[in-house]
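# Architecture at a glance
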Amino acid sequence: MNENSLDTKYKNLLRQVLFSGSNKKDRTGTGTKSIFGASIRHNMDEGFPILTTKKVAFKTLVTELKWFLKGDTNIEYLQKNNCHIWDGDYKKSGRTDGELGPIYGKQWRSWNNEEIDQIKILIKNLKTNPNSRRHLITAWNPSVLPEENKTFNENVENGKVALPPCHAFFQFYVSNNKL
């Protein structure tokens, strides 16, 4: 299989992390190696941004993305569709109602329960003002971050997220008025 440009960018980033990264402790206890502020840019003219150099559970990825786009916060949809990405975090909670708090989809579709639909706004703005630099979606909402002195269950009951977002932002840039 031929390597696409995303794979090349990904491998270059991995090399950078491997040779220049800092060892860090993390919440899982396994540790990570990281660099600050790295990103990969992808031109959608080159196709869907998926890696071909490693196995990607595409159906699971699509299921989770559909769940986010629905604005759902309950794990039931994922489990009914054989997607178990959030099972570990949910099990830690000890909850039985399926709720994970106002995670990605909630922030994307109903920011702070204010019915600010970032996805709807993004689509409208891409169509009506493609040259804007503000085509940005954020899941980083300090008002719903978990409190360290509270349990997972207490945080979710108090409207906090089960887990702070790893993918905090994504941005679109339209070139030559092509989406």
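Residues numbered from 1 in each chain as written. Predicted model: local features only at pLDDT ≥ 70, side-chain atom pairs only at ≥ 80, totals over all residues. Heavy atoms only, no water.

## A word on empty space enclosed by the protein
Unfilled space is identified by rolling a water-sized probe across the atoms. All told, the structure shown has 1 cavity of 30 Å³ or more when counted by the stated rule. If you add up the space inside the largest cavity, you get close to 50 Å³. Surrounding the largest cavity, P102, I103, Y104, A139, N141, V144, L145, V161, L163, P164 and P165 form its lining. (1 Å grid on protein atoms, 1.4 Å probe; cavity = no way out; pocket = protein on both sides within 12 Å on 5 of 7 lines; lining within 4 Å. Points joined across faces, edges and corners; volume = space filled by probe spheres on them.)

## Notes on the layout of surface pockets
What the second largest pocket holds in volume is close to 300 Å³. Considering the residues around the second largest pocket, the lining is formed by 13 residues, among which R27, P146, A162, L163 and P164 are closest to the centre. Those elements that place two or more of their residues in the lining of the second largest pocket are α4 (87-93) and α7 (152-157). Looking at the lining of the second largest pocket residue by residue, the classes come out as 9 nonpolar, 1 polar and 3 charged. (Helix = DSSP H or I, 4+ residues; strand = E, 2+ residues; numbered from the N terminus. Nonpolar A, V, L, I, M, F, W, Y, C, P; charged D, E, K, R; others polar.)

## Remarks on helix α2 (residues 58-70)
Between its first and last C-alpha atoms α2 spans 18 Å; for 13 residues at 1.5 Å apiece the expected length is 18 Å, and the two agree. Those residues of α2 that fall on the buried side of the exposure criterion are T63, E64, W67 and F68. An end-on view of α2 places all buried positions within 135 degrees of arc, on one side of the element. Exposed side of α2, more than 90 degrees from the buried face: K59 and K70 are the residues found there. The secondary structure elements touched by the buried residues of α2 are α3 (76-80) and α5 (104-109). The first or second residue beyond α2 is G71, which carries a positive phi of 80 degrees. (Expected span 1.5 Å × (residues − 1). Buried < 20%, exposed > 50% of the residue type's maximum accessible area, 1.4 Å probe, protein only. Arc of directions from axis to C-beta. Contact = heavy atoms within 4.5 Å.)

## Observations regarding the confidence of the model for the protein chain
Residue-level pLDDT values for the protein chain average 89, and 97% of them are 70 or greater. The secondary structure element of the protein chain with the lowest average pLDDT is α7, at 81, and the one with the highest is α3, at 97. (pLDDT = per-residue confidence, 0-100.)

## Examining the pattern of salt bridges
Per the stated rule, a full pass over the model turns up 5 salt bridges. With its nearest N and O atoms 2.3 Å apart, the salt bridge here joins D97 to R95. A residue is classified by how much of its surface remains accessible, and R95, at 12% relative accessible area, is buried. (Salt bridge = Lys/Arg side-chain N within 4 Å of Asp/Glu carboxyl O.)

## Concerning helix α1 (residues 5-20)
Count 3.6 residues to each turn of an α-helix, and residues three or four apart come out pointing the same way. Between its first and last C-alpha atoms α1 spans 22 Å; for 16 residues at 1.5 Å apiece the expected length is 22 Å, and the two agree. For α1, the set of buried residues is L6, D7, L13 and V17. Buried residues of α1, seen end-on, are gathered within an arc of 125 degrees and therefore sit on one face of the element. Exposed positions of α1 whose direction lies more than 90 degrees from the buried face are L18, F19 and S20.

## Remarks on unusual backbone geometry
If you check the backbone angles, N82 has positive phi at about 55 degrees while not being a glycine. If you trace the backbone, N82 turns up in the loop between α3 and α4. Even without being a glycine, N112 presents a positive backbone phi close to 50 degrees. In this fold, N112 is placed in the loop between α5 and α6 (118-128).

## Side note on the environment of V156
Tracing the backbone shows V156 in helix α7. Judged by relative accessible area, which is 9%, V156 ranks as buried. V156 sits 41 residues away from E115 along the chain, and the two C-alpha atoms are 20 Å apart. Contact partners of V156, with chain neighbours within four places excluded, come to R95, E99, L100, G101 and A162.

## Comments concerning the packing of aromatic side chains
How two aromatic rings sit relative to each other is given by the distance of their centres and the angle of their planes. Taken as a whole and judged by the stated rule, the model has 8 aromatic pairs. Ring centres of W67 and F68 lie 5.6 Å apart, and the angle between their planes is 35 degrees; on these two criteria the pair is classed as tilted. On the basis of relative accessibility, which here comes to 8%, the residue F68 falls in the buried class. Aromatic side chains F68 and W108 sit 5.3 Å apart centroid to centroid with 70 degrees between the ring planes, which places their arrangement in the edge-to-face category. One end of the pair, F68, is in helix α2; the other, W108, is in helix α5, and 40 residues separate them in sequence. Both residues of the pair, F68 and W108, belong to the buried class. An aromatic cluster is defined as three or more aromatic residues linked by ring pairs; in this entry it consists of W67, F68, W86, Y104, W108, F170 and F172. (Phe/Tyr/Trp six-rings, centres within 6.5 Å; stacked < 30°, edge-to-face > 60°.)

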